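# Fold and geometry: a report
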Amino acid sequence: MLKRFEPVAYVPSAFCVTPEALQKKGIRAVMTDLDNTLIEWNRAHATDEVIDWIRSLQRANIDVLVMSNNNEERVRTFCEPLGLPYIARANKPLKGAFVEGMRRLGVTRDEVVMIGDQLMTDVLGANRAGVPVVLVLPVVQSDAKATKFNRFVESKIMNTLQKRGLRVQEGELWNN
Ligand SMILES: [Mg+2]
């Protein structure tokens, strides 16, 4: 049960997921959550830092797809200026969007990584779909109302995971 909430890595931010680290693992594509993973849930557009990170991945031939439970307008507003493919209303933690994302990216489970800030949606969904998932600290501590209940449940699960040794890592993305 708890295994389904375990990320392959837990890092301070998405920017720790570097092209170099991904290439070492043979990863060709990134699926990423939007709200509180790339930008604050109440910010509309990418920051310069987010744009630089996305471009650095793309220069390394690593494709990026945004997968969010938020609505079409929110996700399109962020993705369209960047020319990024996306899946809105993804219904994470159901695995459908993960399967669809891999199909659109033309990759297998071994060639993709999911990045997200929530155990209940990003981590659980990716694990259900057999996709390795990197958990990041949320960009800001506040959340949209719909997320608050998830955060409460998450804090309980997180306590247990931390007792079992889960820690935010600096530096290397994966230990193994
Ligand atoms: Mg999020």
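Use the structure listed above.
Residues numbered from 1 in each chain as written. Predicted model: local features only at pLDDT ≥ 70, side-chain atom pairs only at ≥ 80, totals over all residues. Heavy atoms only, no water.

Once that is clear, we can look at the coordination of the magnesium ion. Within the protein, the atoms that donate to the magnesium ion are Asp 33 (OD), Asp 35 (O) and Asp 117 (OD), at distances of 2.1 to 2.2 Å. The sequence pattern describing where the donors of the magnesium ion fall on their chain is D-x1-D-x81-D. By relative accessible area, Asp 35 is classed as buried at 16%. (Donors = N, O, S within 2.8 Å, 3.2 Å for Na, K, Ca; no water. Buried < 20%, exposed > 50% of the residue type's maximum accessible area, 1.4 Å probe, protein only.)

Structurally, Thr 32 can be placed in strand β2 (residues 29-32). Residues Thr 32 and Ser 68 lie 36 residues apart in sequence; the distance between their C-alpha atoms is 7.9 Å. (Helix = DSSP H or I, 4+ residues; strand = E, 2+ residues; numbered from the N terminus.)

With that settled, the discussion passes to the nonpolar core. Ranked by size, the top nonpolar core spans 32 residues in total, and within it Leu 22, Trp 53 and Phe 78 carry the most contacts. Those elements giving two or more residues to this core turn out to be β1 (9-11), α1 (19-24), α2 (48-59), β3 (63-67), α3 (72-79), β5 (112-116) and β6 (133-136). With four residues, the single largest contributor to this core is α2. Those residues in contact with Phe 78 that lie beyond four places of it in its chain are Leu 34, Leu 38, Ile 39, Ala 44, His 45, Ala 46, Val 50, Val 66 and Leu 84. With 29 residues, the next largest nonpolar core counts Phe 5, Ala 29, Met 67 and Ala 129 among its residues. (Core = buried A, V, L, I, M, F, W, Y, C linked by side-chain atoms within 4.5 Å. Contact = heavy atoms within 4.5 Å.)

Scanning all chains against the criterion turns up 11 salt bridges. In this structure, Glu 6 and Arg 164 form a salt bridge, with 3.0 Å as the shortest nitrogen-oxygen distance. Pair noted here: Glu 6 is in the segment before β1 and Arg 164 is in the segment after α6 (145-163), with a separation of 158 residues, a long-range link. Under the relative-accessibility criterion, Glu 6 is labelled partly exposed at 22%. (Salt bridge = Lys/Arg side-chain N within 4 Å of Asp/Glu carboxyl O.)

All right, on to the pairing of β5 then. Every other side chain in a regular strand lies on the same face of the sheet, so the side chains alternate between the two faces. For β5, a buried count of five out of five residues is recorded, marking the element as mostly surrounded by other parts of the structure. Burial along β5 is two-sided: Val 112, Met 114 and Gly 116 and Val 113 and Ile 115, pointing in opposite directions, are all buried. Strand direction decides the pairing type here: β2 and β5, joined by four bridges, are parallel. The residue bridging Ala 29 from the neighbouring strand is Val 112, located in β5. Inspection of the sheet shows β5 paired to β6 by three bridges, in the parallel sense. Following the sheet pairing, Ile 115 is matched in β6 by Val 134. Following the chain from β5 across helix α5 (residues 119-129) to the adjacent parallel β6, one finds a crossover that is right-handed. (Pairing = 2+ DSSP bridges. Right-handed = clockwise from strand over helix to strand, strands pointing away.)

Spatial strand order, β1-β6-β5-β2-β3-β4: six strands in an open sheet with parallel pairing. This sheet does not close on itself; its edge strands, each paired only once, are β1 and β4 (86-87). In this structure, β3 lies alongside β4, joined through two bridges in parallel fashion. Bridging across to β4, Met 67 finds its partner in Ile 87.

Keep in mind that these numbers describe shape and distance, not what the molecule does.
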